[in-house]
Amino acid sequence: DQVLTATTGSWTPAAEGASVQWYADGVAIPGATRWMMRLTQPQIDKQITATVIARTTAYRPMKVTSAATAPVIAGTIAVTRPFAVRGRTVVGGTLTVTPGAFEPSDAQVTYTWLRNGVPIAGANGSSYRVGPADVGRRVSLRVDLARATYRSASQAVGIPGPVTTVPDLRVFAKGRPEAALVIVRVTAPGVAHPAGKVTIKIGRRSVVTKVVDGRARVRLDDLRKGPKTVVVRYSGTNFIQRTFA
């Protein structure tokens, strides 16, 4: 944001006219042809020079380049209290940003939610509702801070664990003579074909069986007559939580 000024210098014979072009690391800065130039962010870390062309009647134009400046420096945005995220990484849960503190305090803050490190389309608010597309993946947050004449800064906020989902169990039991047929159906938002195992208990009898494509079927024989209570426990998977019915 500082202003640099170029002068025409002294010439023999005296210059009748002169023009200037500013350069950053030897590359002409578009539109920078006035004797004063205000430094902006594109010039950060670059060395600035000014080339003056003097003209006098009956003489060839003479070009002279100034000594280079030191690399242009920028203010640094400092995060004095880190940003954080609260909430549960489960389908239907809401993750909310806990704002941090930074200097200068008028820097612009931008939030970007990411899924496995890739920005989620449209997820740029201070909160994010976890959905089925996030199951088995890691959701995180990137905070970008920007201000004119300052070098932009970013903070990555990690969130522990992959996103999980809560299953729904539906149990269908049918009594047979001295036997029972139990069918369990498992559905879970974000998982097309739930797997895992279920433990089916009737009275003192229990059987463990696999869930295949969200379905398990068990027949228990040699049961005594009378009403029975059916208890089903689902073991879950890495991404599907445990539950029972």
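The structure reproduced in this document is the subject of the present report. (Residues numbered from 1 in each chain as written. Predicted model: local features only at pLDDT ≥ 70, side-chain atom pairs only at ≥ 80, totals over all residues. Heavy atoms only, no water.)

**Observations concerning the pairing of strand β18 (residues 168-176)**
Here is step 1: Both β18 and strand β19 (residues 179-187) contribute to a ladder of nine bridges, which runs antiparallel. Along β19, the bridge assignment pairs Phe172 with Ile183.
Here is step 2: In textbook terms, the turn of a hairpin is the stretch between consecutive antiparallel strands, and for β18 and β19 this stretch comprises two residues, one of which, Glu178, has a positive phi near 60°. (Pairing = 2+ DSSP bridges. Helix = DSSP H or I, 4+ residues; strand = E, 2+ residues; numbered from the N terminus.)

**Concerning the layout of surface pockets**
Here is step 1: One number sums up the size of the largest pocket: a volume of about 250 Å³.
Here is step 2: Together, 15 residues line the largest pocket, and Asp1, Gln2, Leu39, Val72 and Ile73 are the ones closest to its centre.
Here is step 3: Classifying every residue of the lining of the largest pocket gives nine nonpolar, five polar and one charged.
Here is step 4: Taken as a whole, the second largest pocket encloses approximately 160 Å³ of empty space.
Here is step 5: Its residues assigned to classes, the lining of the second largest pocket comprises two nonpolar, one polar and five charged. (1 Å grid on protein atoms, 1.4 Å probe; cavity = no way out; pocket = protein on both sides within 12 Å on 5 of 7 lines; lining within 4 Å. Points joined across faces, edges and corners; volume = space filled by probe spheres on them. Nonpolar A, V, L, I, M, F, W, Y, C, P; charged D, E, K, R; others polar.)

**Structural notes on the sheet that holds strand β15 (residues 139-146)**
Here is step 1: Ordered in space as β13-β12-β15-β17, the four strands form an open sheet in which the pairing is antiparallel. The open sheet has two free edges, formed respectively by β13 (118-119) and β17 (153-157), since each of these has just one partner strand.

**Description of the packing of aromatic side chains**
Here is step 1: A full pass over the atoms with the stated rule returns three aromatic pairs.
Here is step 2: For the pair Phe83 and Phe102, a centre-to-centre distance of 6.1 Å together with 15° between the ring planes defines the contact as stacked. Of this pair, Phe83 sits in the loop between β8 (78-81) and β9 (84-86) while Phe102 sits in strand β11 (residues 101-103); the two residues are 19 residues apart in sequence, bridging distant segments of the chain. In this pair, the class of Phe83 matches that of Phe102, namely buried.
Here is step 3: Relative to Tyr128, the ring of Trp113 lies with its centre 5.8 Å away and its plane at 25°, an arrangement referred to as stacked. In this pair, Trp113 is assigned in strand β12 (residues 108-115) and Tyr128 in strand β14 (residues 127-129), connecting sequence segments 15 residues apart.
Here is step 4: Residue Tyr128 is classed as buried on the basis of its relative accessible area of 11%.
Here is step 5: An aromatic cluster is present here, built from Phe83, Phe102 and Tyr111 joined pairwise through their rings.
Here is step 6: The side chain of Arg233 reaches across the aromatic face of Phe244, ending 5.3 Å from its centre. (Phe/Tyr/Trp six-rings, centres within 6.5 Å; stacked < 30°, edge-to-face > 60°. Buried < 20%, exposed > 50% of the residue type's maximum accessible area, 1.4 Å probe, protein only. Lys NZ or Arg CZ within 6 Å of the ring centre and 35° of its normal.)

**Here's the deal with the pattern of salt bridges**
Here is step 1: The tally for this structure, following the rule as stated, stands at seven salt bridges.
Here is step 2: The shortest N-O distance in the salt bridge between Asp144 and Arg142 comes to 3.0 Å.
Here is step 3: Note that Arg219 is salt-bridged to Asp221, the shortest N-O span being 2.8 Å.
Here is step 4: You can call Arg219 partly exposed: its relative accessible area is 44%.
Here is step 5: Since its relative accessible area comes to 31%, Asp221 is described here as partly exposed. (Salt bridge = Lys/Arg side-chain N within 4 Å of Asp/Glu carboxyl O.)

**Considering the nonpolar core**
Here is step 1: Among the nonpolar cores identified, the biggest contains 22 residues, and Phe83, Leu95, Trp113, Tyr128, Val139, Leu141 and Val143 are the most heavily contacted of them.
Here is step 2: When contributions to this core are tallied by element, the ones reaching two or more residues are β10 (94-98), β12, β15 and β17.
Here is step 3: Other than its neighbours up to four places away in sequence, Leu141 contacts Val85, Val97, Tyr111, Thr112, Trp113, Leu114, Gln155, Ala156 and Val157.
Here is step 4: Leu169, Ala188, Val198 and Ile240 belong to the second largest nonpolar core, which has 17 residues in total. (Core = buried A, V, L, I, M, F, W, Y, C linked by side-chain atoms within 4.5 Å. Contact = heavy atoms within 4.5 Å.)

**Re a positive patch on the surface**
Here is step 1: A cluster of basic side chains, namely Lys174, Arg176, Arg185, Arg215 and Arg217, defines a positive patch on the protein surface.
Here is step 2: Taken together, the elements giving at least two residues each to the positive patch come down to β18 and β22 (215-221).
Here is step 3: Position of Arg217 among the secondary structure elements: in strand β22. (Patch = residues over 30% accessible without salt bridge, like charges linked within 9 Å, V, L, I, M, F, W, Y side chains within 5 Å. Areas by Shrake-Rupley, 256 points an atom, 1.4 Å probe, with all protein chains shown as cover. Lys, Arg positive; Asp, Glu negative; His and termini not counted. Charge placed at Lys NZ, Arg CZ, Asp CG, Glu CD.)

**Considerations on the sheet that holds β14**
Two pairing modes exist for strands in a sheet, parallel and antiparallel, and in both the strands are linked by backbone hydrogen bonds.
Here is step 1: With respect to topology, three strands assemble into an open sheet ordered β9-β10-β14, the strand pairing being antiparallel. Two strands in the sheet have a free side with no partner beyond their single neighbour: β9 and β14. Adjacent strand axes in the sheet meet at a mean angle of 20°, parallel and antiparallel pairs treated alike.
Here is step 2: Bridge analysis of β10 against β14 gives three bridges, and the strand direction is antiparallel. (Axes fitted to C-alpha atoms, helices over the stretch in contact; angles between N-to-C directions.)

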